[in-house]
Protein chains: 2
Amino acid sequence: MKGCSKRAAFLFIPFTLFALLCVTAVKFLLLKSETSKNMKLPELADIRKAHERIKPFIHRTPVLTSEQLNKIFGCELFFKCENFQKVGAFKFRGATNAVLSLTDEEKRSGVVTHSSGNHAAALALAARMNSVKAYIVMPETAPAVKKNAVAGYGADITYCKPTLQAREESCRKIMDKENAILIHPYDNFNVICGQGTAALELLEQRYDLDIVIAPVGGGGLMSGTSIAVKGLNIKIRVFGAEPQNANDAYISFTTGNLTPSVNPLTVADGLLTSLSELTFSIIGKNVDKIFTTREETIIECMLLVWERMKIIIEPSSATVLAIIKENPDVFRGKKAGLIISGGNVDFRKLCSKLSS
Amino acid sequence: MKGCSKRAAFLFIPFTLFALLCVTAVKFLLLKSETSKNMKLPELADIRKAHERIKPFIHRTPVLTSEQLNKIFGCELFFKCENFQKVGAFKFRGATNAVLSLTDEEKRSGVVTHSSGNHAAALALAARMNSVKAYIVMPETAPAVKKNAVAGYGADITYCKPTLQAREESCRKIMDKENAILIHPYDNFNVICGQGTAALELLEQRYDLDIVIAPVGGGGLMSGTSIAVKGLNIKIRVFGAEPQNANDAYISFTTGNLTPSVNPLTVADGLLTSLSELTFSIIGKNVDKIFTTREETIIECMLLVWERMKIIIEPSSATVLAIIKENPDVFRGKKAGLIISGGNVDFRKLCSKLSS
């Protein structure tokens, strides 16, 4: 019996391990299929549909050029100027598409988001233009100018402590109480499709580009841009531009593991957020490379555009030019389309940063 | 005899006084006719000719609008954006017209001016584009960025002490030595005609205006603007905008006596110069009113345009909006065309001013 029980034990251990392995594998496959099921990735056709949907509400922003900057950088630059979009940023495209994609019943319930930035203003305006109630959760520390902008668009603002936990909790409460639909700033199929329409227009306006560059924060703009560009012309290279001080997309992209930023700190305040699983999937599939850039180069390139082109771009937008400055060999002689994400700048705050 | 000489003396004194008066009057009339003879004032036809002449060289700048600013100011605003002109200012129009109006012999001799601002860069570029040598006298204290810009356009720069006397002396030496033609920044018929082409385009782009406003410094832009506008439509009111801290045009206009500024000090650094006899004559004839504005309003309106329109305008340009802000009753419900003179801003310098 002793020998027999020993043999049984020998058989039992690998069997148990094998069984455990099988259960884990099945669980993993189930989870993966569940995630995949939930994560239908947008395609060019979805972006085209979004464009048709939002066209009457958005500005078709201009594509500007500058002989002086072409000379400085040794390549041909085409600036798709979303700083001239409504609310001063591309965010209005995604927010409008999300609101217009709601069912009538959902529209009656209203929309909710937590944001202190451009998405809050964009959703508030998109909702108002479509007679939908918007609930915006903002940290009580948000600048007065932003609070006023959102209030000016008629949104119902809830102030909370300036922590992610407090924001999410306030949001959840509103969702429970008002049945409002959450419109996430980037982890949202319709938002991504809306953001992709800027690149769609860029390529309608300039079809002969070699490269398209977009800034990467949460990845909504980068995702939409990459789907639109690769869908229209697989040969165009799509690059992401990210501050070195908030380089989660760079790390996630190069390691293949979704890795959020920890305490990012950059002048490009629109790029503090980290990729979501959805945007990570899209970017991994469609983007050719992500470049990071230094803070000094971001500020230098922002001021260069202000000085030479006489247009206001925000620091987040300047990252796309900053990666060209730091990698001249990659771009020399090329035609590059740059998605200028927005032009919302707090001048007095920026001035004290520049003076210090 | 005593009585007789007394009588003669009584007759002699009034006669002498009368004779003196007559001589003075004749001298005055002769002088006036001489001045008028030298001061052929430009007319609409001259501005039209200038426009035909410079058209291939200049940008036809856009006329921009902003729903938000219309709402804030309670009137319809049409911004003629010379900040997007070559060298970033309307000055390129006048300089180009002056260079193109030279005879072949004069072109061979080259042009000269003294300026540390936009006119220097404008003349340098206009000259280079027409293969004419440009000599620019600049104060040695001029900012490096301006020195580099002028040098970049291939001009021959002479540095001098930062006094008007030193500048004029350096200029005269070059005129004597090189036989170069002086192109004054505003006291020049062809320069004024060139500057007037901005308003000509504005009224081609928007013919239904009630008011046109231009900033007043030396009066070149104001003169050209007023001739163009009144020539095209006498009913359109033409206003000048001037900083309170450099209000020579306001004083000269309201008193009827040409009165230069003494030590003007304003953030609108393009408006430090005083009217000349020529520009004073034109403005007196064609401008309906000159408004002055406070420094704080100039800065506030400049930042407002940056924030809302996402375009860079320089402080001098912001005066046209500042007078609307300070005189709302005059402009309410009106359609006003604003000549945005330029967008050349030294950001780091401005920032230290805003921060202080």
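Rules used throughout
- Residues numbered from 1 in each chain as written.
- Chains lettered and ligands numbered in written order.
- Predicted model: local features only at pLDDT ≥ 70, side-chain atom pairs only at ≥ 80, totals over all residues.
- Least-squares fit on C-alpha atoms with pLDDT ≥ 70 in both.
- Pairing = 2+ DSSP bridges.
- Helix = DSSP H or I, 4+ residues; strand = E, 2+ residues; numbered from the N terminus.
- Buried ≥ 20, exposed ≤ 12 C-beta atoms within 10 Å, placed from the backbone.
- Domains from an automatic or database assignment.
- Contact = placed C-beta atoms within 7 Å.
- Nonpolar A, V, L, I, M, F, W, Y, C, P; charged D, E, K, R; others polar.
- Expected span 1.5 Å × (residues − 1).

(A) Representation of the relation of the copies chain B and chain A. Of the two same-sequence chains, chain B is brought onto chain A (RMSD 0.0 Å, axial shift 0.0 Å) by a rotation of 180 degrees. The transformation just described matches what one would write down for a two-fold rotation axis. For chain B, the smallest separation between a C-alpha atom and the rotation axis is recorded for B:Ile311, amounting to 2.1 Å.

(B) Quick peek at the sheet that holds strand 4 (residues 134–139) of chain B. All names here are of chain B. Spatially, four strands are ordered 5-4-3-6 in an open sheet, and the strand pairing comes out parallel. Looking at the sheet topology across the chains shown, the edges are occupied by strand 5 (156–160) and strand 6 (181–182). Pairing of strand 4 with strand 5 involves five bridges; the strand directions are parallel. Following the sheet pairing, Pro139 is matched in strand 5 by Cys160.

(C) Local environment of the pairing of strand 10 (residues 335–340) of chain B. All names here are of chain B. Of all the six residues making up strand 10, five are buried; the element is thus mostly covered by neighbouring parts of the structure. The pairing of strand 2 (residues 76–81) with strand 10 spans six bridges and is classified as parallel. Among the inter-strand pairings, Phe78 is bridged to a residue of strand 10, identified as Gly337. As paired strands, strand 7 (residues 211–215) and strand 10 are joined by three bridges and run parallel to one another. Note that in strand 10 the partner of Ile213 across the bridge is Leu338.

(D) Up close: the domain arrangement of chain A. All names here are of chain A. Entries for chain A in the domain assignment read domain 1 (44–89 + 192–355) and domain 2 (92–182). Once you take the C-alpha centre of each, domain 1 and domain 2 turn out to be 24 Å apart. Each partner contributes residues to the interface: domain 1 has 20 residues there, and domain 2 has 15 residues. Of all the secondary-structure elements, those providing two or more residues to the side of domain 1 that touches domain 2 are helix 2 (44–54) and helix 9 (189–205). Among the elements that line the side of domain 1 that touches domain 2, the one with the most residues is helix 9, at six residues. In terms of residue class, the side of domain 1 that touches domain 2 is built from nine nonpolar, eight polar and three charged.

(E) Structural detail: helix 10 (residues 220–232) of chain A. Helix length check: helix 10 of chain A (13 residues) gives 18 Å between terminal C-alpha atoms against 18 Å at 1.5 Å per residue, within 8%. Within helix 10 of chain A, 13 of the 13 residues are buried, leaving the element largely enclosed by the surrounding structure.

(F) Representation of unusual backbone geometry within the structure. Phi angles above zero are rare outside glycine, and A:Ser131 is one such case at about 55 degrees. Here A:Ser131 is to be found in the loop between helix 6 (118–129) and strand 4 (134–139). Given 9 C-beta atoms within a 10 Å radius, A:Ser131 is considered exposed. Positioned with a positive phi, B:Lys310 is a non-glycine residue whose angle comes to about 60 degrees. With respect to the helices and strands, B:Lys310 occurs in the loop between helix 13 (295–309) and helix 14 (315–326). Judged by C-beta crowding, with 25 C-beta atoms within 10 Å, B:Lys310 ranks as buried.

(G) Here's a closer look at the interface of chain B and chain A. In this complex, chain B contributes 15 residues to the contact, which on the side of chain A involves 15 residues. Those elements giving two or more residues to the side of chain B that touches chain A turn out to be helix 13 and helix 16 (347–355) of chain B. If one sorts the elements of the side of chain B that touches chain A by residue count, helix 16 of chain B sits on top with six residues. Its residues placed into classes, the side of chain B that touches chain A shows eight nonpolar, five polar and two charged.

(H) Highlighting helix 9 (residues 189–205) of chain B. For helix 9 of chain B, built from 17 residues, the straight-helix expectation of 24 Å at 1.5 Å per residue is met to within 8% by its first-to-last C-alpha distance of 25 Å. Counting buried residues along helix 9 of chain B, 14 of its 17 residues qualify, which places the element largely inside the surrounding structure.

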